[in-house]
Amino acid sequence: MTVSLQKGQRIDLTKGNAQLDRIQVGLGWDSASASSTKKKGFLAALTPQIDCDASVIMLQDGKFQSKKDLIYFMNKKSNCKSVIHSGDNLTGKGSGDDEVITVDLKSVPASYDKIVFVVNIYSCVSRKQDFGMISNAFIRIVDPTTGNELVKYNLSDDYQGLTSLIVGEIYRHGQEWKFSATGDGTTDKTVNEICQRFA
């Protein structure tokens, strides 16, 4: 049974679920313009597609320590191999997850206390795009062994004018892992700028 979260809510992932060794974190979104804008002909062809990129920021003592702790489409696997990115989806078209990150919870080194999931818009400045042009954004956590969806958080805030989203995070609480639905929008233009928020 899926637990639906609202912004700011938290949930235990592993407490009472000791067999949960790995999770798949699915992130998805749609272009709002695809359903709300009736552009035709050459005008539609001239409108750049919105390319959202999901990334993972691994933190030690709540801080971003090194570029090797940024997992994204150009660095799809963490050094410890506990976090793996599925690769870049250039359009966000279609239903379901657009990008998926697999986390082997048992293999995350003890020095990492938090794993943050973010999404930014590629070339947002030159394309004049922001998250007001995106709809149906979500993050969900699936048990890959059973295929069961454990948690889902639909981002419903107004993100007009914002170019990056800090979607959610998993973090250690003693010996357990928890998930927090963050849903904060920022004006950061690149994932490297987002990382500086945790420096």
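Just above sits the structure.
In what follows, the accompanying structure is described. Counting restarts for each chain: residues are numbered from 1 in the order of the written sequence. Totals for whole chains, interfaces and linings use every residue, but because this is a predicted model, local features are given only for residues with pLDDT of at least 70 and side-chain atom pairs only at 80 or more, for both listing and counting. Computation of side-chain values: all heavy atoms of the structure, hydrogens and water removed.

So, about empty space enclosed by the protein. Residues are called lining when one of their atoms sits within 4 Å of a cavity or pocket point, these points coming from a 1 Å grid over the protein atoms alone, where a cavity is a set in which a 1.4 Å probe fits but cannot get out and a pocket is an open set with protein on both sides within 12 Å along at least five of seven lines. Grid points are joined across faces, edges and corners, and a volume is the space filled by probe spheres set on the points. Tallying each qualifying case throughout the model produces one cavity of 30 Å³ or more. Size it by volume and the largest cavity reaches roughly 60 Å³. Forming the boundary of the largest cavity are Leu27, Gly28, Trp29, Cys52, Val119, Phe131, Ala137, Phe138, Leu155, Leu165 and Val167. For the lining of the largest cavity, the secondary structure elements donating two or more residues are strand 3 (22-31), strand 9 (134-142) and strand 11 (164-173). Broken down by element, the lining of the largest cavity gets its largest block of residues, three residues, from strand 3. The class makeup of the residues in the lining of the largest cavity is ten nonpolar, one polar and no charged. Where helices and strands are cited, they refer to DSSP runs of H or I of at least four residues and of E of at least two residues respectively, numbered from the N terminus. Under the scheme applied here, ten amino acids are nonpolar (Ala, Val, Leu, Ile, Met, Phe, Trp, Tyr, Cys and Pro), four are charged (Asp, Glu, Lys and Arg), and all others, including Gly, are polar.

A few words now on the packing of aromatic side chains. Put simply, two rings from Phe, Tyr or Trp (the six-membered ring, in Trp's case) pair if the centres are within 6.5 Å, and we call them stacked under 30 degrees between planes, edge-to-face over 60, tilted for the rest. What the rule picks out here adds up to one aromatic pair. Look at Tyr72 and Phe73: their rings are 5.5 Å apart centre to centre, the planes differ by 75°, and that puts the pair in the edge-to-face class. Summary of the burial criterion: residues with accessible area below 20% of their type's maximum are buried, those above 50% are exposed, and those between are partly exposed, where the area comes from a 1.4 Å probe applied to protein chains only. By relative accessible area, Tyr72 is classed as partly exposed at 23%. Looking at Phe73, the relative accessible area reads 28%, which means it is partly exposed. The aromatic ring of Phe138 is capped on one face by Lys152, whose charged end is 4.5 Å from the ring centroid. When the NZ atom of lysine or the CZ atom of arginine is within 6 Å of a ring's centre and also within 35 degrees of its normal, the charge is said to sit over that ring.

Here we come to the sheet that holds strand 4 (residues 52-60). Two strands are counted as paired when DSSP detects at least two bridges linking them. A sheet is described by the order of its strands in space; here six strands give the open sequence 2-12-11-8-4-5, paired in antiparallel fashion. The strands lining the two open edges of the sheet, one partner per strand, are strand 2 (10-12) and strand 5 (70-71). Sheet analysis places strand 8 (residues 112-121) next to strand 11, joined by seven bridges and oriented antiparallel. In the strand pairing of strand 11, Val118 is matched with Ile166.

Here Ser55 is to be found in strand 4. It is 8.2 Å that separates the C-alpha atoms of Ser55 and Asn120, two residues lying 65 residues apart in sequence. Among all residues touching Ser55, those that are not within four sequence positions of it are Leu70, Ile71, Tyr72, Val116, Phe117, Val118, Asn120 and Val191. Contact criterion: two residues are considered in contact whenever any of their non-hydrogen atoms come within 4.5 Å of each other.

As a further point, take the layout of surface pockets. Roughly 260 Å³ of volume is contained in the second largest pocket. Contributing to the lining of the second largest pocket are 17 residues, with Tyr72, Asn120, Thr190, Val191 and Asn192 lying nearest its centre. Only strand 4, strand 8, helix 3 (124-127) and helix 4 (191-196) provide two or more residues apiece to the lining of the second largest pocket. The leading source of residues in the lining of the second largest pocket is helix 3, at three residues. Counted by class, the lining of the second largest pocket contains eight nonpolar, six polar and three charged residues.

Let's shift gears to unusual backbone geometry. Even without being a glycine, Asp61 presents a positive backbone phi close to 55°. Along the chain, Asp61 falls in the loop between strand 4 and strand 5. On the basis of relative accessibility, which here comes to 68%, the residue Asp61 falls in the exposed class. In the Ramachandran plot, Asn136 falls in the positive-phi region, its phi being about 55° despite a non-glycine side chain. Of note, Asn136 is situated in strand 9. Accessibility expressed as a relative area gives 54% for Asn136, which makes it exposed.

What follows is about the pattern of salt bridges. Any Lys or Arg side-chain nitrogen found within 4 Å of a carboxyl oxygen on Asp or Glu counts as a salt bridge. With the rule as written, the count across this model stands at nine salt bridges. The salt bridge partner of Asp157 is Lys7, with a shortest N-O separation of 2.8 Å. Residue Asp157 is found in the loop between strand 10 (149-154) and strand 11, and its partner Lys7 is found in the loop between strand 1 (3-5) and strand 2; the two are separated by 150 residues along the sequence. A relative accessible area of 41% means that Lys7 is categorised as partly exposed. Across the salt bridge formed by Asp184 and Lys7, the nearest N and O atoms sit 3.4 Å from each other. Of this pair, Asp184 sits in strand 12 (residues 176-186) while Lys7 sits in the loop between strand 1 and strand 2; the two residues are 177 residues apart in sequence, bridging distant segments of the chain. By relative accessible area, Asp184 is classed as partly exposed at 33%. Within this structure, Lys7, Asp157 and Asp184 form a network of salt bridges that share partners.

From the geometry alone we can't say anything about function, so treat these as descriptive.
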